[in-house]
Amino acid sequence: MSATFSRPVYCEIDLAAIASNLRLARQIVGERTQIMAVVKANAYGHGALEVARTALAAGAEWLGVAFVEEGLALRQAGISAPILVLGWTPAEDAPRAIAGDLHLALYDIGLARAYAGLARQQGRQAQVHLKIDTGMGRLGVLAGEAAEFARVVAGLEGLAIRGVFTHFSTADSADSGYTLQQLGVFLETLAALETILPRSQRIAHAANSAAALALPPARLDMVRLGIAMYGLHPSDEVRCPPGFEPALAWKAALAQVKTLPAGHPVSYGNTYVTRQEEKIGVIPVGYADGFRRGAANEVLIGGKRLPVIGRVCMDQSMVSLSGLPQAAMGDEVVLIGRQGEQAITAEEMARRWGTINYEVTSGIMARVPRRYTNRP
Ligand SMILES: *Cc1c(COP(=O)(O)O)cnc(C)c1O
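Let me sum up the structure you'll find in this document. (Residues numbered from 1 in each chain as written. Predicted model: local features only at pLDDT ≥ 70, side-chain atom pairs only at ≥ 80, totals over all residues. Heavy atoms only, no water.)

## With respect to the environment of Arg-293
Among the structural elements, Arg-293 can be located in the loop between strand 15 (278-283) and strand 16 (298-301). On the basis of relative accessible area, Arg-293 is assigned to the partly exposed category, the value being 47%. Distance from Arg-293 to Ala-171, taken between C-alpha atoms, is 31 Å for residues 122 residues apart in sequence. Among residues more than four places away in sequence, those in contact with Arg-293 are Tyr-287, Arg-311 and Val-312. (Helix = DSSP H or I, 4+ residues; strand = E, 2+ residues; numbered from the N terminus. Buried < 20%, exposed > 50% of the residue type's maximum accessible area, 1.4 Å probe, protein only. Contact = heavy atoms within 4.5 Å.)

## Looking at the site of the ligand
Neighbouring the ligand are Val-38, Lys-40, Tyr-44, Leu-86, Arg-138, His-167, Asn-208, Ser-209, Arg-224, Gly-226, Ile-227 and Tyr-358. One of the side-chain nitrogen or oxygen atoms of Arg-138 is found 3.5 Å away from an oxygen atom of the ligand. Contacts to the ligand include Gly-226, whose backbone N or O atom sits 3.0 Å from an oxygen atom. Its free accessible area being 390 Å², the ligand has 93% of it covered by the protein chains. According to the grid-proximity analysis, the pocket containing the ligand is the largest pocket. Each residue belonging to the shell around the ligand can be placed in one class, and the counts come to five nonpolar, four polar and three charged. (Near = heavy atom within 4 Å. Polar contact = N/O pair within 3.5 Å; in protein donor to acceptor, adjacent residues only side chain to side chain. Areas by Shrake-Rupley, 256 points an atom, 1.4 Å probe, with all protein chains shown as cover. 1 Å grid on protein atoms, 1.4 Å probe; cavity = no way out; pocket = protein on both sides within 12 Å on 5 of 7 lines; lining within 4 Å. Sits in = over half its atoms within 2 Å of the grid points. Nonpolar A, V, L, I, M, F, W, Y, C, P; charged D, E, K, R; others polar.)

## Overview of the pattern of salt bridges
Evaluation of the coordinates by the stated rule reveals 16 salt bridges. For the salt bridge of Arg-305 with Glu-348, the shortest nitrogen-to-oxygen distance reads 2.9 Å. Residue Arg-305 is located in strand 17 (residues 304-309), and its partner Glu-348 is located in helix 10 (residues 346-353); the two are separated by 43 residues in the primary sequence. Residue classification places Glu-348 among the buried positions, given a relative accessible area of 17%. Each of Arg-7, Asp-289, Asp-315 and Arg-367 takes part in a single network of salt bridges with overlapping partners. (Salt bridge = Lys/Arg side-chain N within 4 Å of Asp/Glu carboxyl O.)

Next up, the structure:
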């Protein structure tokens, strides 16, 4: 789909908010800690390229992506900043990653040998960051095996260790006990690696947004900033400080406005039936846009909060306009964002859907065009 296609449902991304959030994060972590702007999953739905450019211009040093293709898309757009692939890079994807100068997460000796061999074939070095599992049980070498792993990897020609990192499982909890425990394990691991991999030769990084904001000792050489850069709270317990602004609004326009007689069903399954004459609106957004079915959704129209009625369809939904006699075709509908005095946040939508804000914005589908405002 072309980048500039137009639809009466779209996301509006405030790039000045991204830049301002990044600068606030910089003030919090200080000048000596680098910032990796995490732009995986199309920048949590905000648009990877636009966010990457904005974040780099606002002072981020690194970019983080989930897989090779995400990194290469940024390279092809001319971005030269260091990019780390946080997830698994299978050997078959490694040649393109190495040629594209992407740094790779490394946690397996077989992969290390494969990357090294493929890099030698190109006359280059594969740049890797050792991923240590300090207690999350996701990707990574167990901390107790890290020193031996690093010793073998360090001996491979064609491979250059640029970093060592870990990831926290509960940094977004008010209780920092387990995060501090993981940090302790990570610091011990770094000490055990010191002879093989002196600190002057690598960067160490551990903190996601929550840890970057709430746990100063976890900031180390670099923080990996995702959710907070978008102005979204890491959790109810670890919130962005005042000043952070959500960058994404999700909007649509009314496709039809009409008055139904009493006893008239609305949408599939006739689960909603008008009790009296009722004005309703049709919104051109549905579950194939990422607007979820089976939840008590609300939207803003004319500065009022109104209920979505009946089932959300694939491409359309209906809203009760009882409170809004003046509503007309083309009127703005806000799914996420502000309208007049009212606001619906990604966090509110997440509560409604029994999930987290991360899943809400990254779940807005590619067929919803992104429009950029306030380009700094
Ligand atoms: C996604 C991700 C991040 C960013 O996390 P936020 O909570 O969005 O700040 C950091 N590190 C890794 C390894 C990740 O996968």
